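Descriptive analysis of the structure
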Amino acid sequence: MDRRGFLGVAAATAMLGAIPPRAATAQPQPTVSAAPAERLRRWRDQLAADLFEDYLPFCARSVNDHELGGFMCEVGPDGVRRSEVKVGRYQARGAWVYAFLYNHFEPRGEYLDQARGALDILLRQPEPPAGRFLPGEYDRQGNPTEPPSSDIFMALFTAEALVEWHRATGEEAAWRRARAMLLRALEIYHRPDYEPEVTSAVYARPGEAAPNWAFNGRAVAPLMGASCQSVLFGVINLARQMLELRADDEIEALATRSIEAVLDHHFNPRFGLNNEFINHDLSRPDNEYERQVYIGHAVETLWMILYEARRRGDQAMFDRAAASFRRHVTVGRDNVYGGIFRNLADVDANEFSLDKTLWVHEEVMLGALAMAEHTGDPWAVDVFGEFMEYVQSHFPLRRHGIDSPYWITVSRDRTVSYDPGERARVENYHHPRHLMLNLLALERMLGKA
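Residues numbered from 1 in each chain as written. Predicted model: local features only at pLDDT ≥ 70, side-chain atom pairs only at ≥ 80, totals over all residues. Heavy atoms only, no water.

A short note on the overall build of the chain
As a reminder of what qualifies: A run of H or I in DSSP becomes a helix once it reaches four residues, and a run of E becomes a strand once it reaches two; helices and strands are each numbered from the N terminus. The rule is simple: take the accessible area with a 1.4 Å probe, protein chains only, and divide by the maximum for that residue type; under 20% is buried, over 50% is exposed, in between is partly exposed. In what follows, a contact means two residues having at least one pair of non-hydrogen atoms within 4.5 Å. Accessibility throughout is a Shrake-Rupley quantity obtained with a 1.4 Å probe, and a residue counts as covered only by protein chains that appear here.
In terms of helices and strands, the chain carries 13 helices and 12 strands. Out of the 449 residues in the chain, the part that is buried amounts to 60%. Partitioning the intrachain contacts of the chain with sequence separation of at least 6 by distance along the chain shows that 68% fall at a separation of at least 24. Looking at the chain as shown, the accessible area adds up to about 17,400 Å², and 50% of this sits on carbon and sulfur atoms.

So, the packing of aromatic side chains
This is how the line gets drawn: The pairing test for Phe, Tyr and Trp rings, Trp by its six-membered ring, is centres within 6.5 Å, and the orientation test on the planes gives stacked under 30 degrees, edge-to-face over 60, and tilted for anything in between.
A full pass over the atoms with the stated rule returns 17 aromatic pairs. Considering the side-chain rings of Trp 96 and Phe 100, the 4.9 Å spacing of their centres and the 35 degrees angle between planes classify their relative orientation as tilted. Residue Trp 96 and its partner Phe 100 are both found in helix α3 (residues 88-104); the two are separated by four residues, about one turn of the helix. Note on accessibility: Trp 96 and Phe 100 belong to one class, buried. Aromatic pair Tyr 390 and Phe 395: ring centres 6.2 Å apart, planes at 65 degrees, arrangement edge-to-face.

A look at the nonpolar core
Which entries qualify depends on this criterion: In this text, buried Ala, Val, Leu, Ile, Met, Phe, Trp, Tyr and Cys residues form a nonpolar core when linked through side-chain atoms within 4.5 Å.
By size, the foremost hydrophobic cluster in this structure holds 141 residues, and its most contacted members are Tyr 98, Leu 182, Ile 305 and Phe 325. Among the elements that take part in this core, helix α5 (residues 152-169) stands out by supplying 12 residues, more than any other.

Observations concerning the side chain of Ser 411
Operational definition: Counted as a polar contact is a pair of N or O atoms within 3.5 Å, where, for protein atoms, one must be capable of donating a hydrogen and the other of accepting one, and residues adjacent in sequence contribute only when both atoms are in side chains.
Residue position: Ser 411 is located in strand β12 (residues 410-411). In this structure Ser 411 comes out as buried when scored by relative accessible area, which is 1%. Here the side chain of Ser 411 touches Asp 413 through a polar contact of 2.9 Å, side chain to side chain. Sequence-distant contacts of Ser 411, that is, excluding residues within four places in its chain, are made with Asp 355, Lys 356, Val 416 and Ser 417.

Things to note about α5
Inclusion rule: Expected helix span is taken as 1.5 Å per residue step, with the number of steps being one fewer than the number of residues.
Look at α5: 26 Å from first C-alpha to last across 18 residues, which is about the 26 Å you get at 1.5 Å a residue. Here α5 starts with a cap whose side-chain oxygen sits 3.0 Å from the backbone nitrogen of Phe 153, and that cap is Asp 151. Note on α5: the residue one or two positions beyond its end, Gly 170, has a positive phi of about 75 degrees.

A closer look at the environment of Glu 351
Here Glu 351 lies in strand β10 (residues 351-352). The exposure class of Glu 351 is partly exposed, given its relative accessible area of 22%. Note: C-alpha distance between Glu 351 and Asn 216 (135 residues apart in sequence) is 8.8 Å.

Digging into the pattern of salt bridges
Rules: By convention in these notes, a salt bridge is any Lys or Arg side-chain nitrogen within 4 Å of a carboxyl oxygen on Asp or Glu.
In the structure shown here, the tally under the stated rule is 39 salt bridges. Measuring nitrogen to oxygen at the nearest pair gives 2.8 Å for the salt bridge that ties Arg 108 to Glu 110. With a relative accessible area of 30%, Arg 108 lands in the partly exposed category. A salt bridge links Arg 312 to Glu 308, with the nearest nitrogen and oxygen atoms 2.6 Å apart. Of this pair, Arg 312 and Glu 308 are both found in helix α9 (residues 295-312), four residues apart, which corresponds to roughly one turn of the helix. Judged by its relative accessible area of 24%, Arg 312 falls in the partly exposed class. Where salt bridges share partners, they join Asp 65, Glu 67, Glu 84, Lys 86 and Arg 140 into one cluster.

See the structure below:
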């Protein structure tokens, strides 16, 4: 069955085992959090310092290209650039961050200028050929050093930046281009020959071959035309931001079908967790893909569904996502050294990827605070506080005796140590996104405390 048509059929029953759905008529009612105001203020002040005293000044000095626009993220703890390459994904992500700062914190011209410079690099490129997206890398002058890419996230991240740019400027052309990018990306994604990204160079040291991030380096046959949780959360997150600005029946339907795919089909009732990849028709694979759970993407997807449920006022959706979020955090926790593992390569073999990554912990914090804000759930409050303490005590380099505002983004060991031989890259999306969204949430919570 064609996946697009399949997604258009609303699921008659939920497949969440012990997580029963409730009637969809009730709406989430924000409540006073179980956390006392003093604790909320302490968390807020710490996140504000991380963003405005450490992260943004460091980027202004070493990452942002004030002369030619855009972001050069290959930077060491000393602030010295290791490369002048401008990665396409990071231009789009960074543009969103600075446009979001302008829209939600302070309308400073320098924020908008930084977003504009990065978007200019991407939008001055020729329209990619059919089946392709914008190039993935550029030189410092903004000239592509690669041909148009097959990276669907180039379209999704660029569209997200354009939506936030439209929010800031009102430019209708930005909205139209963002919408067209989303629809074109989904046309390619829904092809039976779409090949999902299963390898990534993120965790490779310079000169190393990219490992297989989903299966701990084991070779696996491609799952052509797969339904990918990572693409679905990209659609859900982008659609929510678009729908916050204006009603759009087609975008609303895309978000609904994507959420149904996650909650009704990627969710595996055999063990109560989300598969990262399933078949094109949303059936479950009968091979190693059925046993693999990418916990980092699952918790990221679920907090995005929490945000969308809140926008819609859908209590049933919120409750289902919250229960599934709690299950993934519980399973993924490292009960020996703390924190959470990003990947469960084989559920039946209990085989986890043992590295620790900053972004996964910050995705947990986003979901936990969303639950704490809107239900006062003591578990969620405790999880946010636990992960706040864990992140602050493990990932800033200052905790490792190095006087730098730099943060570790990937540690190959469970205890989180700093390896100077690791690839030096400033994380310019997940980290500031968590800081900004959670700051806004804490301010709202303090307003009700």
